Amino acid sequence: MATAHRLAANRFDLIRLALASAVFAYHAIVLSALAPLSGLERAWGHVAEIAIQGFFIVSGALVAGSLVRAQSLADYAGKRVRRLYPAYATVILIPALISLLMGGNPGGVANYVGANLVFLNFLSPDLPGLFEGNRFTEVNGALWTLKIEVMFYLCLPIIGWVLRRMGRAQWIALVALYAAGEAWRHYVPVLLDHPLAPVLARQLPGQMAFFASGIALWQVWDLARAKPLWFGAAGLALVLLSALHPWLEPLRAAGLAGLVACAAFLPGPALNAARFGDISYGVYITHFPILQGLVMAGAFAALGYAAGFLLSAVGVIAASYALWHLVERPALRPSSHYRKVASNSEQD
């Protein structure tokens, strides 16, 4: 079946927006640091973790499809750069400019820009004069996943080549990739006695099971679209099993992939979340500095969490639409799926 037709009639735009919003809500709780909400941090932290894992699954499926549709590796790379980097660079440079205008040390700003533009956010997460009195001083603590995304984009052509070479045995390779990722994620903190072991465990090898599950979803795309309830039932069972015992936790990635497939293909209204623009990426990469700015300005302390959250939500939505229309969409090719979805919706 043609890959263009395979992309029709799904809710992946809505799923990505819901996942980004879940991470936004978690960071609103954590960054505002209001006492009445302190008990929600741990519970909502699990929701945010699952949301990020869901992102990796969706990315695995959609980017695997992008690789299949690409005419060459250069075409694939060009599409990935256009989709990811212009908006990413924008959210790096705007806070840096604000820091300079506020009298921030140029050397510190240069360090921040240099490290973050190449996805090495951990080397310089702070900017001079920004958020120094906040509970957390990072400018954009949500960007650590972008480094993992980029590493996956680099690995995927090799993974795709191996899968093609293995033919019908490609599922063996996917299962091995899945198992290796889970082994890294769970055993690095156990075997490596170092304070940074948990951070190392969550880097790309430790997230590969989720990307592999997404690739697998792309491989069975037509079946998932035909039998979404089967995938949903199996996914729910695996997710519930994964919560029963730590040894069963590696089942989560496969379970989440089943739930994602069910949500994407279940019969019913399309619920086009990109009707006026695909803002899911914008919500994810803009919400953290906007929240930090409102916390620094005392908005949450003065207004309370509900009003502060509403104000931040309005700011994030406005910034995301601006980012889409001014940066993201112009950077995409006219043939881009993301542009077509928004254009077709605007013509309805």
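Within every chain, residues take consecutive numbers counted from 1 along the sequence as written. With pLDDT at 70 or above as the cut-off, local features in this predicted model cover only qualifying residues; side-chain atom pairs require 80 or more to be listed or tallied, and sums for whole chains, interfaces and linings still use all residues. No hydrogens and no water enter the side-chain calculation; it runs on all heavy atoms of the structure.

Asks: Sorry if this is basic, but what is going on with the overall build of the protein here?
Replies: Strands here are runs of E lasting at least two residues and helices are runs of H or I lasting at least four, both read from the DSSP assignment and numbered beginning at the N terminus. For the protein, the count of helices and strands is 16 helices and 0 strands. At 20 Å, the protein has a C-alpha radius of gyration in line with the 20 Å of a compact globule built from 348 residues. The 348 residues of the protein split such that 49% are buried. A fraction of 75% describes how many contacts in the protein between residues 6 or more apart in sequence connect residues 24 or more apart. Each radius of gyration is computed over the set of C-alpha atoms, and the globule rule expresses the reference value as 2.2 Å times the number of residues to the power 0.38. Throughout, exposure labels follow a simple rule: accessible area from a 1.4 Å probe, protein chains only, divided by the maximum for the residue type, with under 20% read as buried, over 50% as exposed, and the rest as partly exposed. The contact rule is simple, with two residues in contact once any of their heavy atoms fall within 4.5 Å.

Asks: For this particular structure, what's the right way to read helix H5 (residues 106-117)?
Replies: For an α-helix, the turn length of 3.6 residues means that residues three or four places apart are oriented alike. Between the first and last residue of a helix there are one fewer steps than residues, each counted as 1.5 Å, and that sum is the expected span. Here H5 spans 16 Å end to end across 12 residues, near enough to the 16 Å set by a 1.5 Å rise per residue. In this structure, the buried residues of H5 make contact with helix H4 (73-101). As used in this structure description, the phrase polar contact means that two N or O atoms lie within 3.5 Å; if the pair is within protein, one of them must be able to donate a hydrogen and the other to accept it, and residues adjacent in sequence are counted only when both atoms belong to side chains. For H5, the capping residue at the N-terminal end is Asn105, with a side-chain oxygen 2.9 Å from the backbone nitrogen of Gly107. Phe119 occupies a position one or two residues after H5 and carries a positive phi of about 70 degrees.

Asks: Would you mind going over the side chain of Asn121 with me for this structure?
Replies: Within the secondary structure layout, Asn121 lies in the loop between H5 and helix H6 (144-166). In this structure the side chain of Asn121 is engaged in a polar contact, spanning 2.9 Å, whose partner is the side chain of Asn116. Ignoring any residue separated from it by four or fewer positions in sequence, one finds Asn121 in contact with Tyr88, Ala115, Asn116, Leu143 and Trp144.

Asks: What am I meant to see in the packing of aromatic side chains here?
Replies: A ring pair, where both rings are aromatic, is described by two values, the distance of the centres and the angle of the planes. Between the rings of Phe, Tyr and Trp (Trp by its six-membered ring), a pair exists once the centres lie within 6.5 Å; its type follows the angle of the planes, with under 30 degrees stacked, over 60 edge-to-face, and the other angles tilted. Applying the stated criterion across every chain yields a total of 14 aromatic pairs. As a reminder, the over-ring test applies to NZ of lysine and CZ of arginine, requiring each to be within 6 Å of the ring centre and within 35 degrees of the ring normal. The side chain of Arg80 reaches across the aromatic face of Tyr153, ending 5.4 Å from its centre. Here the basic side chain of Arg202 rests over the ring of Trp144, its NZ or CZ set 3.9 Å away from the ring centre.

Asks: How do you make sense of unusual backbone geometry when you look at a structure like this?
Replies: The phi torsion of most residues other than glycine is negative, and most of the peptide bonds are trans. Even without a glycine there, the phi angle at Phe119 is positive, about 70 degrees. As for its position among the elements, Phe119 is in the loop between H5 and H6. Even without being a glycine, Phe131 presents a positive backbone phi close to 65 degrees. Checked against the element boundaries, Phe131 lands in the loop between H5 and H6. The class of Phe131 is buried, set by a relative accessible area of 5%.

Asks: How should the pattern of salt bridges be read in this particular structure?
Replies: Side-chain pairs of opposite charge can arise where the charged atoms are in close proximity. Salt bridge, as used here, is a side-chain nitrogen of Lys or Arg placed within 4 Å of a carboxyl oxygen of Asp or Glu. Counted under the stated rule, the structure contains 10 salt bridges. With a closest N to O distance of 2.9 Å, Asp278 and Arg16 form a salt bridge. Of the two residues, Asp278 is situated in the loop between helix H12 (252-265) and helix H13 (280-296) and Arg16 in helix H2 (residues 12-32); the sequence distance between them amounts to 262 residues. Arg16 gets classed as buried once you look at its relative accessible area, which sits at 10%.

Asks: Help me out: how do you make sense of the side chain of Arg80 in this one?
Replies: Structurally, Arg80 is set in helix H4. In this view, Arg80 contacts Val63, Ser66, Tyr85 and Tyr153; residues no more than four positions away in its chain are not counted.

Asks: Looking at this model, I keep getting lost on the nonpolar core. Mind explaining?
Replies: The nonpolar side chains of a soluble globular protein tend to be buried, and buried together. If you look at the biggest cluster of nonpolar residues, it comprises 86 residues, and the most contacted ones within it are Phe12, Leu146, Phe152, Leu156, Ile215, Tyr284 and Ile285. Ranked by the residues each element gives to this core, the list is headed by helix H3 (residues 40-69), at 11 residues. Ignoring any residue separated from it by four or fewer positions in sequence, one finds Ile285 in contact with Ala87, Tyr88, Val91, Asn140, Leu143, Leu146 and Leu323. The set of buried Ala, Val, Leu, Ile, Met, Phe, Trp, Tyr and Cys residues whose side-chain atoms join them within 4.5 Å is what this entry labels a nonpolar core.

Asks: I tried to follow the environment of Phe300 on my own but got confused; where do I start?
Replies: As for its position among the elements, Phe300 is in helix H14 (residues 299-303). Each C-alpha atom, one on Phe300 and one on Leu31, is 9.7 Å from the other, the two residues being 269 residues apart in sequence.

Asks: Teacher, can you tell me more about the environment of Val109 here?
Replies: Relative to the assigned elements, Val109 resides in helix H5. Look at Val109 and you get buried, because its relative accessible area is 4%. For the pair Val109 and Ser124, spaced 15 residues apart in sequence, the C-alpha separation works out to 9.2 Å. Ignoring any residue separated from it by four or fewer positions in sequence, one finds Val109 in contact with Ala96, Ser99, Leu100, Leu127 and Pro128.

Asks: What exactly am I supposed to notice about a nonpolar patch on the surface here?
Replies: Put simply, a patch holds well-exposed residues, over 30% relative accessible area, that have no salt bridge, with like charges counted together within 9 Å and Val, Leu, Ile, Met, Phe, Trp or Tyr side chains within 5 Å. Values of accessible area rely on a 1.4 Å probe in the Shrake-Rupley scheme; residue burial ignores everything except the protein chains shown. On the surface, a cluster of nonpolar side chains totalling about 490 Å² of accessible area is made up of Ile158, Trp161, Val162, Met166 and Ile172. A total of 4 residues in the nonpolar patch trace back to one element, the largest contributor, which is H6. Overall, the relative accessible area of 56% leaves Ile158 in the exposed class.

Asks: Could you clarify how one ought to interpret the packing of H4 against H6 in this entry?
Replies: Two quantities define a packed helix pair, namely the angle between the helix axes and the distance between the axes. For every element, the axis is a line fit to its C-alpha atoms; helices are fit only across the contacting stretch, and the angle between N-to-C directions ranges from 0 to 180 degrees. For the pair H4 and H6, interaxial distance at closest approach is 11 Å and the crossing angle is 175 degrees. One finds that H4 runs roughly antiparallel with respect to H6. Along its contact with H4, which presents Leu73, Tyr76, Arg80, Leu84 and Tyr88, the element H6 presents Leu146, Val150, Tyr153, Leu156 and Pro157. Basically, the charged four are Asp, Glu, Lys and Arg, the nonpolar ten are Ala, Val, Leu, Ile, Met, Phe, Trp, Tyr, Cys and Pro, and anything else, Gly included, counts as polar. A per-class count over the contact of H4 with H6 returns 9 nonpolar, no polar and 1 charged. We call two directions roughly parallel when the angle between them is under 35 degrees, roughly antiparallel when it is over 145, roughly perpendicular when it lies between 65 and 115, and oblique otherwise.

Asks: It is not clear to me how the environment of Asn121 should be interpreted in this structure. Could you clarify?
Replies: Judged by relative accessible area, Asn121 falls into the buried class, the value being 9%. The spacing of Asn121 and Leu191 is 70 residues in sequence and 26 Å in space, taken between C-alpha atoms.

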